[in-house]
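Residue-level structural notes
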Amino acid sequence: MIAKPKGTYDLIDIDAKIYQYIVDVINEYMTYYNYEFVRTPIFEDSSLFHRSVGEASDIVTKETYDFTDRGGRNITLRPEGTAGVVRSLIENKLYGNRNDTLKYYYLGTMYRYERPQAGRYRELTQFGVEVFNSNDPLIDAEVISLGYNLLKELGIENFTVHLNSLGDEETRTNYIKALKEYLKPYLNDLCEDCRTRYEKNPLRILDCKVDKDSQVFQNMPNILDYLSDDAKLRLEKLKSLLTMLEVDYEIDSKLVRGIDYYDYHVWEYISDDSGLALGAGGRYNSLVKTLDGPDMPAIGFGIGIDRLIGEIKKNLEDRPMPHNVDVYIMCVNEEEKIYGETLAQSLRLNRVITEINSNNLSLKSQFKVADNLNAKQLIILNSEDLQKGLVNIKDNATKEEVKIDENEVIDYLISNI
RNA sequence: GCGGAAUUGGUGAAGUGGUUAACACGGUAGAUUGUGGCUCUAUUAUGCGUGGGUUCGACUCCCACAUUUCGCCCCA
């Protein structure tokens, strides 16, 4: 037997239903927020992702699916959505002659070559928004609250927005310098990973799981103390806006991201129960320029759909989600089956959800199937009645059975489901 | 990539170095000769992740691999 590749999963049963529900809600939501859908390739030139995350974050350690295609091109399966959208913005010159704010959203699979764990897959589905050409904290508030409201709309209640500001480039340069100076005497006390991070990506030391409760970590410099006046003002403005928009947030000065391109506000939607991040985002004002586009501010977030499915499922009753059909057609012999199939088509074309027996099931079994499908009306075909142009219809709730002229079956069912 | 744990029918699972792998749900058939959902009866894994090895004999012990899962790394 051939098994699925490591870290992938089949979206089936109730999970598939929840997935479709999530997608429906997202598409509807984005309509009201007036964000445009974009789809970018699942694979891109490797340098797009490697450049976007920055030289300092050592691309070799990024867990991407890289390969060379038959033409010798270096290809990477997209590990996230932002870089592709930014590339598309630049390549299609979507920014041309525009003073307004550009708002996009995407939804699709991403690929990361990492060790699978619960809710962590090598093929994952992400939804995200990217907003360009506005540097106003008003947009930060809109984007953060958009994700917040969407999660609430999906029935996810117990989560909080964790918010931090990384300030501008100068802020980070100063902070990293201060951080390294502070940590220098304690280097030997840090865990092995942190000693590597110290050189490679010092901000990530704040994420350390080993030493987080140590005295050294308690007294670590706080990035919020290093914010420029401008960055401070922006954060204050954003905070008051979020309060007005009734977003539950808390400031978390230890929140950093593993990618270089973020500046100013970064945030995560954190589940209160599991402590896992449902989604994360940030402002990335320099990325468009880094990728050879105009100097254009941008902000966005991504939410992992796979993990949402699990969160939503937890809130459901512990029972299988019922199938629902309007009409189930029961038939036994060949004549009935053929008649039933044409009747099924007529009903379906009239927007009646219809299912029909297509096996050699006994009538008894067909009743069971119909019940499992929660059929509202049962059509019990009978050759003798068909000869007379009559169709038996049984209401599955009242158990009342009627014989209807075959020409009136569709009208009857439409008004009785 | 590193470390720990797991893997038995469609599902939830019990189990022992030795002939028939418990129980439950679900499925099928019948009692009910084309009208069910209750009840009763029968039936439902020629196989215990895959491949090797030890053994007279392995689902059970050993090794490798795969997948899942927990933690680390990474988190875009």
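Position numbers for residues start from 1 in each chain and track the written sequence from start to end. Chains and ligands are labelled sequentially in the order written, the chains with letters from A and the ligands with numbers from 1. Predicted model: local features are reported for residues with pLDDT of at least 70 only, side-chain atom pairs are reported and counted for 80 or more only, and whole-chain, interface and lining totals are derived from all residues.

Turning to the pairing of strand E9 (residues 263-271), a few remarks are in order. When a strand is regular, its side chains alternate between the sheet's two faces. In terms of burial, E9 is a largely internal element, nine of the nine residues being buried. Two strands pair if DSSP finds at least two bridges between them. To qualify as a helix, a DSSP run of H or I must reach at least 4 residues; to qualify as a strand, a run of E must reach at least 2; elements of each kind are numbered from the N terminus. In this structure, strand E7 (residues 159-165) lies alongside E9, joined through seven bridges in antiparallel fashion. Along E9, the bridge assignment pairs Val161 with Tyr269. Relative to strand E10 (residues 277-283), E9 runs antiparallel, the two being bridged by six bridges. Bridge pairing in E10 links Trp267 to Gly281. Count of turn residues in the E9/E10 antiparallel hairpin: five residues, of which Gly275 carries a positive phi of about 75°. Every C-beta atom is placed from the backbone, and the number of other C-beta atoms within 10 Å of a residue's own sets its class: buried at 20 or more, exposed at 12 or fewer, partly exposed in between.

For the rest of this paragraph, the subject is helix H3 (residues 82-91). With seven of its ten residues buried, H3 lies for the most part within the structure. For H3, the set of buried residues is Thr82, Ala83, Gly84, Val85, Val86, Arg87 and Leu89. Two residues or fewer after H3 comes Lys93, characterised by a positive phi angle close to 50°.

For the rest of this paragraph, the subject is the packing of helix H4 (residues 137-153) against helix H8 (residues 229-244). The angle between two axes is taken between their N-to-C directions and runs from 0 to 180 degrees, where each axis is a line fitted to C-alpha atoms and a helix contributes only its stretch in contact. For the pair H4 and H8, interaxial distance at closest approach is 9 Å and the crossing angle is 45°. Comparing their axes, H8 and H4 come out oblique. Where H4 crosses over H8, the two elements pack in a sense that is right-handed. Contacts between H4 and H8 pair Pro137, Leu138, Asp140, Ala141, Ile144 and Ser145 from the former with Arg234, Lys237, Leu238, Leu241 and Leu242 from the latter. Convention used here: angles under 35 degrees read as roughly parallel, angles over 145 as roughly antiparallel, angles from 65 to 115 as roughly perpendicular, and any remaining angle as oblique. The crossing is said to be left-handed when, going from far helix to near helix, the turn is anticlockwise and less than a right angle, and right-handed when the turn is clockwise. We call two residues in contact when the distance between their C-beta atoms, placed using the backbone, is within 7 Å.

With mixed pairing, eight strands are arranged side by side in an open sheet as E1-E5-E6-E11-E10-E9-E7-E8. Each end of this open sheet is capped by a strand with a single partner; those strands are strand E1 (36-37) and strand E8 (249-251). In this sheet, E8 lies alongside E7 in parallel orientation, the contact comprising three bridges. Within the sheet, the bridge partner assigned to Leu163 lies in E8 and is Ile251. Strand contacts of H4: strand E6 (123-132), E7, E9, E10 and strand E11 (298-304), with the helix running at about 15° to E11, the strand carrying the most contacts. Seen against the sheet, H8 touches E7, E8 and E9 and runs at an angle of roughly 35° to E9.

Next up on the list: the pairing of strand E4 (residues 74-77). Where strand E2 (residues 43-45) meets E4, three bridges bridge the pair, whose relative direction is antiparallel. In the strand pairing of E4, Glu44 is matched with Thr76. In terms of strand pairing, strand E3 (residues 65-68) meets E4 through four bridges, oriented antiparallel. Bridge assignment links Asp66 to a residue of E4, and that residue is Thr76. Once E3 ends, the chain turns through five residues before running back antiparallel as E4, passing Gly72 with a positive phi of about 80°.

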